[in-house]
Amino acid sequence: MVQGAVNQNTKLTEEWLQNYVDEWVSFFRKYTKNGEVASYIPILQKANKNHLGISIIGNEGMTIQSGDVHVPFTIQSISKVFTFIVACMERGVSYVLNRVDVEPTGEAFNSIMHLEIRQLRKPFNPFVNAGAITVASLLKGKTSEEKLEPLFQLFEDILGYRPRLNMDVFESEKETSVRNRAIGYYLVEMGYLESELELTLETYFKQCSIEISIHDLARLGMILANDGEDPQTEIEIIPRQVARLAKSLMLTCGMYDASGKFAAYVGIPAKSGVSGGIVAVAPPRSRNEDLPFLEGCGIGVYGPALDKQGNSIAGIRLLRHIATKWDLSIF
């Protein structure tokens, strides 16, 4: 049984929290054996399915890290949150939402069936592949480098450095992109895309191939937890309206077709990627209890063993446990 219940007599020191998080990561690592690494992108199969790590950064600066925190990985579908943010910052929220909806699908992230059967006026949301490819077409620029420059700049503003593009992952995705190309051609036929298909897909594959760390995910989550403002510098990096809209979408659509269960059982906005990453957001909460991170925090998780929905199987269990023990739920 995992320990770690918080009581009124416990002093919430960094050492105390570190010990419990170390214990929890060790306990939940065993669940990695129940998942499988992503196989439809060949290079992702090289990941060690036993890896599991977490980083938590509070709005007041406390940082807790445990597990395999030094393993780099590509951001994959987590990038969809931030390309959506960039598109809203460049084009305006109304412009973007006229071209991509904000509704959950209940379908797999790479499904094309619901597009044709339901004859949608626009993709369901920016986090399914059809919506993300549409958003990539909205980014300004005549090349993928120009389109992605504001995304890299946003990451640099938040992380303090410019993450690199993993070209091996990009080439692997580009060479095995049959399903995304099918989605792309359908989007072209329906008139959804605002840039040429090959340019749009190249942009999409590259955004997914940006390499980051667990600490980076926690930092990104922390900025969102604070409604787009860096709590240390008090500089607004993401407009408040856009940050809040992104968090709403993360809560309802961020965990693929398991988003409803995640919202019910974990209760915080999150977005996953098939490399095994999850970025989660715990906004400030008004509680009188002696609980950690009441001022809010960002959480990054990495565990490449995935469940059938494409989410980190051990990472979700770890997040659910922490959210329960620390009462992180926004509900």
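Quick note: structure is the one above.
Note that the structure is predicted; figures quoted are calculated from it, not measured.

> Run through the overall build of the chain, naming residues and quoting values.
Each helix and strand in the chain was counted, giving 13 helices and 9 strands. What you see for the chain is a C-alpha radius of gyration of 19 Å, in line with the 20 Å of a compact globule of 331 residues. Judged by the C-alpha coordinates and their principal axes, the chain covers about 65 × 40 × 35 Å. For the chain, the residues scored as buried account for 59% of the 331 residues in total. Across the chain, every contact between residues at least 6 apart in sequence was considered, and the portion connecting residues at least 24 apart equals 69%. Total accessible area computed for the chain in this model is approximately 13500 Å², and 49% of it derives from carbon and sulfur atoms. Each charge class in the chain was averaged separately, 33 positive and 39 negative side chains, and the resulting centres sit 5 Å apart.

> Kindly report on the packing of aromatic side chains, identifying the contributing residues and their values.
The full count for this structure, using the stated rule, is 9 aromatic pairs. Centre to centre, the rings of Phe-27 and Phe-28 are 5.0 Å apart; their planes meet at 85°, and the pair counts as edge-to-face. An aromatic cluster is defined as three or more aromatic residues linked by ring pairs; in this entry it consists of Trp-16, Tyr-20, Trp-24, Phe-293 and Trp-326. Positioned above the aromatic ring of Tyr-95 is the side chain of Arg-99, whose terminal nitrogen or guanidinium carbon lies 3.5 Å from the ring centre. One cation-aromatic arrangement involves Lys-206 over Phe-170; the distance from NZ or CZ to the ring centre is 5.4 Å.

> I'd like a description of the sheet that holds strand E8 (residues 277-282), backed by residues and values.
Pairing is antiparallel in the open sheet, where 5 strands are placed in the order E2-E1-E9-E8-E7. Only two strands of the sheet have a single neighbouring strand rather than two, namely strand E2 (63-67) and strand E7 (270-272). Strand-to-strand twist across the sheet, computed as the mean angle between neighbouring axes with direction ignored, equals 10°. Judged from the 6 bridges that link them, strand E1 (residues 53-58) and strand E9 (residues 297-302) form a sheet pairing that is antiparallel.

> Any chance you could break down the nonpolar core for me, citing the residues and the numbers?
Grouped burial of nonpolar side chains is what soluble globular proteins tend to show. Counting 49 residues, the largest nonpolar core has Phe-82, Ile-85, Leu-224 and Ile-238 as the members making the most contacts within it. When contributions to this core are tallied by element, the ones reaching two or more residues are helix H2 (79-91), helix H3 (93-97), helix H5 (129-138), helix H6 (144-159), helix H10 (214-225), helix H11 (240-253) and E8. No other element matches the 8 residues that H10 contributes to this core. Excluding residues within four positions of it along the chain, Ile-238 makes contact with Ile-85, Leu-154, Ile-158, Ile-223, Leu-224, Asp-227, Gly-228 and Ala-243. Of all hydrophobic cores here, the second largest spans 31 residues; its members include Leu-17, Met-255, Val-266 and Val-301.

> Describe the pairing of E8, with residues and values.
Where a strand is regular, its side chains alternate between the two sheet faces. Counting buried positions along E8 gives 6 out of 6 residues, so the element sits mostly inside the fold. Sheet topology note: the E7/E8 ladder contains 3 bridges and is antiparallel. Its bridge partner being in E8, Lys-271 is matched across the sheet by Val-279. Hairpin connection between E7 and E8: a loop of 4 residues separates the two successive antiparallel strands, and Gly-276 in this loop has a positive phi of roughly 110°. Pairing geometry for E8 and E9, over 6 bridges, is antiparallel. The residue bridging Ala-282 from the neighbouring strand is Cys-297, located in E9.

> Provide a residue-level description of the packing of H6 against helix H9 (residues 197-208), including the pertinent values.
Viewed as axis vectors pointing N to C, H6 and H9 meet at an angle of 40°, and their least axial separation amounts to 9 Å. With respect to their mutual orientation, H6 and H9 come out oblique. By crossing handedness, the relation of H6 to H9 is classed as right-handed. Along its contact with H6, which presents Ser-144, Glu-145, Lys-147, Leu-148 and Leu-151, the element H9 presents Leu-199, Glu-202, Thr-203, Lys-206 and Gln-207.

> Explain the packing of H2 against H6 residue by residue, including any values.
Think of two packed helices as two axes; the pair is described by the angle between the axes and how far apart they sit. At a minimum axis distance of 10 Å, the contact between H2 and H6 shows a crossing angle of 110°. Judged by the inter-axis angle, H2 sits roughly perpendicular to H6. Here H2 contributes Phe-82, Thr-83, Ile-85, Val-86 and Glu-90 to the contact with H6, which in turn contributes Pro-150, Leu-151, Leu-154 and Phe-155. Its residues placed into classes, the contact of H2 with H6 shows 7 nonpolar, 1 polar and 1 charged.

> Please set out H6 residue by residue, giving values where relevant.
Between its first and last C-alpha atoms H6 spans 22 Å; for 16 residues at 1.5 Å apiece the expected length is 22 Å, and the two agree. At Pro-150, H6 is deflected by roughly 30°, the largest bend along its length. Taken as a whole, H6 has its buried residues at Ser-144, Lys-147, Leu-148, Leu-151, Phe-152, Leu-154, Phe-155, Ile-158 and Leu-159. Structurally, H6 contributes buried residues whose contacts are with H2, H5, H9 and H10. One or two residues past the end of H6 sits Gly-160, with phi positive at roughly 85°.

Conventions used here
- Residues numbered from 1 in each chain as written.
- Predicted model: local features only at pLDDT ≥ 70, side-chain atom pairs only at ≥ 80, totals over all residues.
- Heavy atoms only, no water.
- Helix = DSSP H or I, 4+ residues; strand = E, 2+ residues; numbered from the N terminus.
- Rg over C-alpha atoms; globule rule 2.2 N^0.38 Å.
- Buried < 20%, exposed > 50% of the residue type's maximum accessible area, 1.4 Å probe, protein only.
- Contact = heavy atoms within 4.5 Å.
- Areas by Shrake-Rupley, 256 points an atom, 1.4 Å probe, with all protein chains shown as cover.
- Lys, Arg positive; Asp, Glu negative; His and termini not counted.
- Charge placed at Lys NZ, Arg CZ, Asp CG, Glu CD.
- Phe/Tyr/Trp six-rings, centres within 6.5 Å; stacked < 30°, edge-to-face > 60°.
- Lys NZ or Arg CZ within 6 Å of the ring centre and 35° of its normal.
- Pairing = 2+ DSSP bridges.
- Axes fitted to C-alpha atoms, helices over the stretch in contact; angles between N-to-C directions.
- Core = buried A, V, L, I, M, F, W, Y, C linked by side-chain atoms within 4.5 Å.
- Parallel < 35°, antiparallel > 145°, perpendicular 65-115°, else oblique.
- Left-handed = near helix turned anticlockwise from the far one by under 90°.
- Nonpolar A, V, L, I, M, F, W, Y, C, P; charged D, E, K, R; others polar.
- Expected span 1.5 Å × (residues − 1).
- Bend = angle between axes of the 7 residues up to and from the residue.

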